[in-house]
Amino acid sequence: MDIKLTAYIEGNVLPRYATFDAAHGVDHVMGVIARSLSLARLVNVDERLAYVAAAYHDLGLVGGRENHHLISGEIVMQDSFLASYFTSEELLLIKEAVEDHRASSSHPPRSIYGKIVAEADREIIPRVIVKRTILYGKSHEPALDKEGQYERTKSHIVKKYGEHGYLKLWLPLKQNIDGLNAIRAYLKNEDSFRHLFDELWDEISERG
């Protein structure tokens, strides 16, 4: 990876994530970048495009969650450094990948880069999913008590990851298929899901 590109991203892009909620902070974007690069190498495509798309994918949260993917795309196109570094065709691929990463999107990603970032953004691991959902709920709906957060957490996960959930897997990656099956197994067992929620709730509460 070109040092000029990584220096710009690390110095001017990643720090913006520090202002977001704990579920979408710097640790999150670093994980998405790492997984995107790994996938780019796996399918043998341009790592630079996957890297930048991953780095910019959630910047649009500055304008709210509903349209954050579209706002992120606008941020890509308005970035003078990116415009000077990439060709117009490459910049369009990055913009489209950023716009297409959202799990609730009604259409498949328009390129392999969108599929890469969408898959990398998911990290379908039951503990990770439940923890991030709790963190988001505590940040955005702080008035809810523990039981309210439990109902919100489970409802969101059912809608997204359940048997009829809106999440679609765009690349046939074994770890995501296995992870989706695992979270669905938790959803089918109320006691197991509740135990996991309580464990993570206590862990988060202890850390303040």
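Cut-offs and rules
- Residues numbered from 1 in each chain as written.
- Predicted model: local features only at pLDDT ≥ 70, side-chain atom pairs only at ≥ 80, totals over all residues.
- Heavy atoms only, no water.
- Helix = DSSP H or I, 4+ residues; strand = E, 2+ residues; numbered from the N terminus.
- Expected span 1.5 Å × (residues − 1).
- Buried < 20%, exposed > 50% of the residue type's maximum accessible area, 1.4 Å probe, protein only.
- Arc of directions from axis to C-beta.
- Contact = heavy atoms within 4.5 Å.
- Polar contact = N/O pair within 3.5 Å; in protein donor to acceptor, adjacent residues only side chain to side chain.
- Salt bridge = Lys/Arg side-chain N within 4 Å of Asp/Glu carboxyl O.
- Axes fitted to C-alpha atoms, helices over the stretch in contact; angles between N-to-C directions.
- Parallel < 35°, antiparallel > 145°, perpendicular 65-115°, else oblique.
- Left-handed = near helix turned anticlockwise from the far one by under 90°.
- Nonpolar A, V, L, I, M, F, W, Y, C, P; charged D, E, K, R; others polar.

1. Some words on helix α11 (residues 190–206)
One turn of an α-helix holds 3.6 residues; hence residues three or four places apart share an orientation.
Link 1 in the chain: The first and last C-alpha atoms of α11 sit 24 Å apart over 17 residues, in line with the 24 Å expected at 1.5 Å per residue.
Link 2 in the chain: Three or more residues of α11 are buried, namely Phe193, Arg194, Leu196, Phe197, Leu200, Trp201 and Ile204. Angularly, the buried residues of α11 cover 160 degrees about the axis, an arc narrow enough to put them on a single face. Turned more than 90 degrees away from the buried face of α11 sit Asp191, His195 and Glu206, all of them exposed.
Link 3 in the chain: Tucked inside the fold, the buried residues of α11 contact α8 (126–140), α9 (146–161) and α10 (174–188).
Link 4 in the chain: The opening residue of α11 is Asn189, an N-cap whose side-chain oxygen sits 3.2 Å from the backbone nitrogen of Asp191.

2. Considerations on the pattern of salt bridges
Opposite charge on two side chains permits them to pair, given that their charged atoms come into close proximity.
Link 1 in the chain: One pass over the structure, following the stated rule, counts 18 salt bridges.
Link 2 in the chain: In this structure, Glu96 engages Arg110 in a salt bridge whose closest nitrogen and oxygen atoms are separated by 3.8 Å. Of this pair, Glu96 sits in helix α6 (residues 88–100) while Arg110 sits in the loop between α6 and α7 (112–120), placing them 14 residues apart in sequence.
Link 3 in the chain: Here Asp178 ties to Lys174 by a salt bridge, and the two come within 2.6 Å at their closest N and O atoms.

3. Remarks on the environment of Ser88
Link 1 in the chain: Relative to the helices and strands, Ser88 is located in helix α6.
Link 2 in the chain: Each C-alpha atom of the pair Ser88 and Ile33 lies 22 Å from the other, and the pair is 55 residues apart in sequence.
Link 3 in the chain: For Ser88, the side chain forms a polar contact with the side chain of Glu89, separated by 3.3 Å.

4. Some details on the packing of α9 against α10
Link 1 in the chain: One can describe the packing of α9 onto α10 by two numbers: an axis separation of 11 Å at closest approach and a directional angle of 135 degrees. What the angle tells us is that α9 and α10 run oblique. The handedness of the crossing between α9 and α10 is left-handed. Contact residues: Lys154, Ile157, Val158 and Tyr161 in α9; Leu180, Ile183, Arg184 and Leu187 in α10.
Link 2 in the chain: Split by residue class, the contact of α9 with α10 holds six nonpolar, no polar and two charged.

5. Focus: helix α2 (residues 26–43)
Link 1 in the chain: Between its terminal C-alpha atoms α2 stretches 26 Å, which fits the 26 Å expected from 18 residues at 1.5 Å a residue.
Link 2 in the chain: Taken together, the buried positions of α2 are occupied by His28, Val29, Gly31, Val32, Ile33, Ser36, Leu37, Leu39 and Ala40.
Link 3 in the chain: Among the structural elements, α3 (47–56), α7 and α8 are those in contact with the buried residues of α2.
Link 4 in the chain: Count one or two residues on from α2 and you reach Asn44, which has phi positive near 60 degrees.

6. Digging into unusual backbone geometry
Link 1 in the chain: You will see that Asn44, though not glycine, has its phi angle at about 60 degrees, which is positive.
Link 2 in the chain: A relative accessible area of 69% means that Asn44 is categorised as exposed.

7. Examining the packing of α10 against α11
Link 1 in the chain: Relative to each other, α10 and α11 sit at 105 degrees, their axes nearing to 5 Å. When the axis of α10 is compared with that of α11, the two are roughly perpendicular. Facing α10, whose interface residues are Tyr186, Leu187 and Lys188, α11 presents Glu190, Ser192, Phe193 and Leu196.
Link 2 in the chain: Grouping the constituent residues of the contact of α10 with α11 by class yields four nonpolar, one polar and two charged.

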